[in-house]
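The primary structure of each chain is shown beneath.
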Amino acid sequence: MSRKSSISSKEDVPVVPEIQDAPSTQDAPATQDAPATQYAPATQDAPATLDAPATLDAPATQDAPSTEKAAPPAYEEPKKESPPTELTHVVEKPSLDLEQPDKNVKLKYPKSVFFIIVNEFCERFNYYGMKTVLTLYMRNILNFSEDKATVLYHTFLMLCYFTPIPGAIVADTYLGKFKTIAILSCVYAFGSVLLAVAAIPNFLPQTGFSMTGLLIIAIGTGGIKPCVSAFGGDQFVRPQQDKQLEQFFSVFYFAINAGSLISTFITPILREDVQCFGDDTCYPLAFGVPALLMIVAVVIFIAGKSLYTIRKPEGNIMGEFFKCIGHAISRKWKAKGEKHDHWLDFASDKFDKKFIDDVKRVLSVGFVFIPLPVFWALYDQQGSRWTFQATRMNGDLGGGVVLKPDQMQIINPLLILILVPLFETVIYPCFKKSGILTPLRRIGCGLVLCGLSFVISGFVEIALEPTYATIPGDGRMQLNFINTLPCKVNVEYEVTEKNGNFELQGNMYEFVQDLEAEQDIIVRAFLDNTDCAGYTEFANTDTGTVSLGTGNGTQGYSILITGRNDNLAITRLNEAEQLEKSNTGDPYVAFFLDDPSFTEYSGSSIKMRQEKSKKKIFEYTYVLNVTAETTPDVDSIVQTEYQNTEIGTYDLTLNEANIGKIENLIQGGVYRIIITKALNGTDYYNVMPVQVTPPNSVNILWLLPQYFVVTIGEVMFSVTGLTFSYSQAPISMKAVMQAIWLMVVAFGNLIDIIVIAVQSGATGEGMSQASEFFMFAGIMGIAVVLFTLMSWNYKYVEEIKIEEEKKRLSAVSNHKSDSSSSSSSDSDDEKGKENKGFSE
């Protein structure tokens, strides 16, 4: 089924240990995460990852991409194909003290599996909860650029997919599954705690300890991936408990999905809605709660030791597989004059023909897999590039519901839960008779759909570009002319080669961009007459030519037009404006107070207050102590710092007196609120919002189409790919084949690392995000063409068996024909002799 939907995720799909003589009911692997188990189809869980070993000993599952979610796998009739083999050759059937085990013998359901199930829930909660907020932590707290955060994120995922192979080898050859899980879980928990502690501000060197924690987590989660589900399978006696085994894997898958889905929803809330250690966010809690669950997972797993069936290490076939290839290459290089039909046959002096043929089969399937890492290169960007894209969108769904950027990752597993049953029960059966959707064609369709999702995301990014912050280039600056008066003002400006003039209506503002920096800013403002809209009378209506000094490159500056002592005045705030949007996606808000009666250090303050409910109140205070530095000097103007705020409408007070409202703050907006004291002597204050940087006007739900398309692609690619690799591999090599599938995911993340590092360049200024999305879609197009060419003449195992059977029958037929011909000839000779004798 699907990597995410069935009950597990790609990485967690458990695989039943392959036991000799046990009846094999094969259910296609369900997810990217693990080869399907012998009895329970490893439905591909949601974007989970491969977590289940393909067999008792093989790293059959994968833990990545996506969250691992899946709907309970549907039982299929037993097929002739035996279940995926582990990284070992053959596991001896447990002794039942019976010469012929009776399947009807009823045994008690092993209580030990409940410890394993709870352990898996807690571990998946930890992994997916931590991974959901990881890229935002790297960007917002560790202050990495989006490119560097993306590269580090995919490096982490790559390690999570590489480490299951050494983990399986250690378990199968040296320590056994229980010790491997117990030891590496403790390592895993330590890494999770270290990451949570490193997130505390000013406690430990954050970057170094955070990276160390992630490395330890990758070793731990990858190492136990191929062991947990297989260890659960060890607790059952087969074939007597085959039915209970199916039920176990269904509950196991549910635990995986429950842990990943819940944590993907909760950790973004802990990250953003809780304040701790003096920050507006609380990443220590977002990492700490999952880490606590991981500690619980270790305690629970070890507590069940007395109940477990623990098997000794039985060896690992991975080593023999690579030895065979290495020996063949070595002999082909050294042996001169020796010829063979296939280069692997050079290993025939050390390995038997059956084993060599199995290795050949694995390599033929692996050849078809060469273009497939591109799928995971695109798919796994849901947790990096697509999450960053979501931060540039408006998550307000109305009714007080705000979807956080990292919570969008939950869409993929939820869609998997819907789409996997739909494809399995409706769509695939419709095409089954026609033979159009063969396994390789399904994989090809999945590749195409994944590429299409990036085309969609590219167009969404183009729609977002007008809402981006406009940052002046090197050596350039921008000016924002703000008219605080209720009447029209005429403005003229000159900055070296660029000059202009315009009319600025009352309480309005206008940006002038792309001006040369480090040059004198010369301006003039004047009124048409002395009467300012009946508001006040000006004795001097013309400022004359005024020098506002010089501004720095890549900066923006506010220029206020106001009045002082019945004279028109114009001045520039020396401190540059905030142009960049908030990394959290929240609105940025700051104030100018223009009040001739302001006194420094008088305890004045501005407060914003929003009461969404009795329990949900947002309040922000801006202390007003000193006047701002201006050019030329104009007294009694106060400039505050920016603060992150929640979206919505706020009541505004100055020194506890209500002065108005700030309407509809939107995610991503940068707002400078101008509060101006009336010049006519009254106590009236005018509130004027200035939108320095436009808000995120594109709703976050516009991401749904790309998530929908990529999830359909995942259903067709990941589930089918696991099933294909499982069914096409020889019985002795199924674990090796699942290990290769894991490597496909790891190499997909390696592609992300290389491409993003190269395109961002040494300066960190690469192509636009939209162009990058289209580039990845183009890379996928190349992969589709290569996959089509490389799989065009592929022969399925079933076809090969049919051809071999035809050859066998043909040989038998020819043998019978030869025997019949020989018999007929002998009969004729005998008859001749009889006739001759009769005549004589």
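Calculation notes
Residues numbered from 1 in each chain as written. Predicted model: local features only at pLDDT ≥ 70, side-chain atom pairs only at ≥ 80, totals over all residues. Heavy atoms only, no water. Helix = DSSP H or I, 4+ residues; strand = E, 2+ residues; numbered from the N terminus. Buried < 20%, exposed > 50% of the residue type's maximum accessible area, 1.4 Å probe, protein only. Contact = heavy atoms within 4.5 Å. Areas by Shrake-Rupley, 256 points an atom, 1.4 Å probe, with all protein chains shown as cover. Pairing = 2+ DSSP bridges. Disulfide = S-S within 2.5 Å. Expected span 1.5 Å × (residues − 1). Polar contact = N/O pair within 3.5 Å; in protein donor to acceptor, adjacent residues only side chain to side chain. Salt bridge = Lys/Arg side-chain N within 4 Å of Asp/Glu carboxyl O. Axes fitted to C-alpha atoms, helices over the stretch in contact; angles between N-to-C directions. Left-handed = near helix turned anticlockwise from the far one by under 90°. Nonpolar A, V, L, I, M, F, W, Y, C, P; charged D, E, K, R; others polar. Phe/Tyr/Trp six-rings, centres within 6.5 Å; stacked < 30°, edge-to-face > 60°. Lys NZ or Arg CZ within 6 Å of the ring centre and 35° of its normal. Parallel < 35°, antiparallel > 145°, perpendicular 65-115°, else oblique. Core = buried A, V, L, I, M, F, W, Y, C linked by side-chain atoms within 4.5 Å. pLDDT = per-residue confidence, 0-100.

### Notes on the overall build of the chain
Moving on, step 1. Counting secondary structure elements, the chain contains 18 helices and 22 strands.
Moving on, step 2. Buried positions account for 56% of the 840 residues belonging to the chain.
Moving on, step 3. Counted over contacts in the chain with a minimum sequence separation of 6, partners at least 24 positions apart contribute 76%.
Moving on, step 4. Here the chain displays about 34,500 Å² of accessible surface, and carbon together with sulfur accounts for 58% of that area.

### A word on the sheet that holds strand 4 (residues 489-495)
Sheet strands pair via backbone hydrogen bonds, and the direction of the pair is either parallel or antiparallel.
Moving on, step 1. In space, the four strands of this open sheet follow the order 5-4-7-10, with antiparallel pairing throughout. Looking along the sheet, the strands with just one partner apiece sit at the ends: strand 5 (498-504) and strand 10 (546-547).
Moving on, step 2. Direction of pairing for strand 4 relative to strand 5: antiparallel, over a ladder of seven bridges. Bridge assignment links Glu492 to a residue of strand 5, and that residue is Asn501.

### Concerning the state of the cysteines
Moving on, step 1. Taken as a whole, this structure holds two disulfides when the rule is applied.
Moving on, step 2. Put simply, Cys276 and Cys282 are joined by a disulfide, and their sulfur atoms are 2.0 Å apart. Judged by the sign of its S-S torsion, about 110 degrees, the bond between Cys276 and Cys282 is right-handed.
Moving on, step 3. With relative accessibility at 14%, the residue Cys276 sits in the buried group.
Moving on, step 4. A relative accessible area of 3% means that Cys282 is categorised as buried.
Moving on, step 5. For Cys487, the disulfide goes to Cys532, at an S-S distance of 1.9 Å. Between Cys487 and Cys532 the sulfur-sulfur dihedral comes to about -95 degrees; the bridge is accordingly left-handed.

### As for helix 16 (residues 734-760)
Moving on, step 1. For helix 16, which comprises 27 residues, the first-to-last C-alpha distance of 40 Å matches the rise-based estimate of 39 Å (1.5 Å per residue) to within 8%.
Moving on, step 2. With respect to burial, helix 16 is a largely interior element, 19 of its 27 residues being buried.
Moving on, step 3. Gly761, located one to two residues past helix 16, shows a positive phi value of around 75 degrees.

### Notes on the side chain of Lys404
Moving on, step 1. By the secondary structure assignment, Lys404 is in the loop between strand 2 (401-402) and helix 13 (411-432).
Moving on, step 2. Residue Lys404 is classed as buried on the basis of its relative accessible area, which comes to 8%.
Moving on, step 3. One polar contact links Lys404 to Asp273, side chain to side chain, over a distance of 3.3 Å.
Moving on, step 4. Residues in contact with Lys404, not counting those within four places in the same chain, are Pro268, Ile269, Arg271, Glu272, Asp273 and Ile700.

### Re the pattern of salt bridges
Moving on, step 1. For the structure shown, the criterion picks out 30 salt bridges.
Moving on, step 2. For the salt bridge of Lys404 with Asp273, the shortest nitrogen-to-oxygen distance reads 3.3 Å. Taken as a pair, Lys404 in the loop between strand 2 and helix 13 and Asp273 in helix 7 (residues 242-273) lie far apart in primary sequence, 131 residues in all.
Moving on, step 3. A salt bridge links Lys488 to Glu503, with the nearest nitrogen and oxygen atoms 3.5 Å apart. With a gap of 15 residues between them, Lys488 in the loop between strand 3 (476-483) and strand 4 and Glu503 in strand 5 connect regions that are remote in the sequence.

### Observations regarding the pairing of strand 14 (residues 604-611)
Moving on, step 1. Here strand 14 runs beside strand 15 (residues 617-624); their pairing, made up of eight bridges, is antiparallel. Bridging from a neighbouring strand, Arg609 pairs with Glu619 of strand 15.
Moving on, step 2. As paired strands, strand 14 and strand 19 (residues 648-654) are joined by four bridges and run antiparallel to one another. Residue pairing for strand 19: Met608 is matched across the bridge by Leu652.

### Points about the packing of helix 1 (residues 112-132) against helix 5 (residues 177-198)
Moving on, step 1. One way to put it is that helix 1 packs onto helix 5 with a least axis distance of 12 Å and a crossing angle of 40 degrees. Regarding helix 1 and helix 5, the two cross each other, and that crossing is left-handed. Counted together, Glu123, Arg124, Asn126, Tyr127 and Met130 of helix 1 and Tyr188, Ser192 and Leu195 of helix 5 form the full contact between these two elements.
Moving on, step 2. When the residues that make up the contact of helix 1 with helix 5 are grouped by side-chain class, the tally is four nonpolar, two polar and two charged.

### Side note on the packing of aromatic side chains
Moving on, step 1. Under the definition given, this model contains 41 aromatic pairs.
Moving on, step 2. Taking the centre distance of 5.9 Å and the plane angle of 40 degrees together, the rings of Tyr109 and Phe114 count as tilted.
Moving on, step 3. Residue classification places Tyr109 among the partly exposed residues on the basis of a relative accessible area of 29%.
Moving on, step 4. Considering the side-chain rings of Trp376 and Tyr379, the 5.3 Å spacing of their centres and the 85 degrees angle between planes classify their relative orientation as edge-to-face. In this pair, Trp376 and Tyr379 are both assigned in helix 11 (residues 373-379), three residues apart and thus about one turn of the helix distant. In terms of burial, Trp376 and Tyr379 fall into one category: buried.
Moving on, step 5. A connected cluster of aromatic rings, assembled from ring pairs, spans Phe369, Phe375, Trp376, Tyr379, Phe717, Phe724, Trp741 and Tyr794.
Moving on, step 6. Geometry around Tyr557 places Arg572 over its ring, the cationic atom sitting 4.9 Å from the centre.

### Focus: the packing of helix 13 against helix 15 (residues 704-728)
Moving on, step 1. Two numbers describe how helix 13 lies on helix 15: the axes approach to 9 Å, and their chain directions differ by 55 degrees. In terms of their interaxial angle, helix 13 and helix 15 are classed as oblique. For the element pair helix 13 and helix 15, the recorded crossing hand is right-handed. Judged by residue contacts, Ile411, Asn412, Leu415, Ile416, Leu419, Val420, Phe423, Glu424 and Tyr428 of helix 13 engage Leu704, Tyr707, Phe708, Val710, Thr711, Ile712, Glu714, Val715, Met716, Val719 and Thr720 from helix 15.

### Describing the sheet that holds strand 11 (residues 555-564)
Moving on, step 1. With respect to topology, five strands assemble into an open sheet ordered 6-3-11-12-16, the strand pairing being mixed. The strands lining the two open edges of the sheet, one partner per strand, are strand 6 (509-516) and strand 16 (630-631).

### What about the nonpolar core?
Moving on, step 1. Of all hydrophobic cores here, the largest spans 80 residues; its most connected members are Leu372 and Met780.
Moving on, step 2. When residues of this core are assigned to their parent elements, the largest contribution, eleven residues, is made by helix 16.
Moving on, step 3. Ignoring anything within four residues of it in the chain, the contact list for Met780 reads Val374, Phe375, Leu378, Leu447, Cys450 and Gly451.
Moving on, step 4. By size, the runner-up hydrophobic cluster in this structure holds 56 residues, among which are Phe125, Tyr128, Ile217 and Phe248.

### Let's talk about the environment of Val546
Moving on, step 1. On the secondary structure map, Val546 appears in strand 10.
Moving on, step 2. Separated by 25 residues in sequence, Val546 and Ile521 place their C-alpha atoms 8.3 Å apart.
Moving on, step 3. Those residues in contact with Val546 that lie beyond four places of it in its chain are Ile521, Ile522, Val523, Ile570 and Pro632.

### Examining the confidence of the model for the chain
Moving on, step 1. Model confidence for the chain is summarised by a mean pLDDT of 83, while 83% of its residues fall at 70 or above.
Moving on, step 2. Scored below 50 in pLDDT, residues 1-11 shows 163 contacts in the model against residues more than four places distant or in partner chains.
Moving on, step 3. Across residues 13-100, confidence stays below pLDDT 50; counting only partners more than four residues off in sequence or on other chains, it has 576 contacts.

### Observations regarding unusual backbone geometry
Moving on, step 1. Looking along the chain, the bond that leaves Thr631 and enters Pro632 is cis, with omega of -10 degrees.
Moving on, step 2. Locating Pro632 in the fold gives a position in the loop between strand 16 and strand 17 (637-639).
Moving on, step 3. Positive phi, normally seen in glycine, also occurs at Phe277, with a value near 55 degrees.
Moving on, step 4. Here Phe277 shows up in the loop between helix 7 and helix 8 (283-303).

### Comments concerning the environment of Ala291
Moving on, step 1. Inspection of the secondary structure puts Ala291 in helix 8.
Moving on, step 2. Between the C-alpha atoms of Ala291 and Val193, which are 98 residues apart in sequence, the distance is 5.5 Å.
Moving on, step 3. Dropping the residues within four chain positions of it, Ala291 is found in contact with Asn126, Ser192 and Val193.

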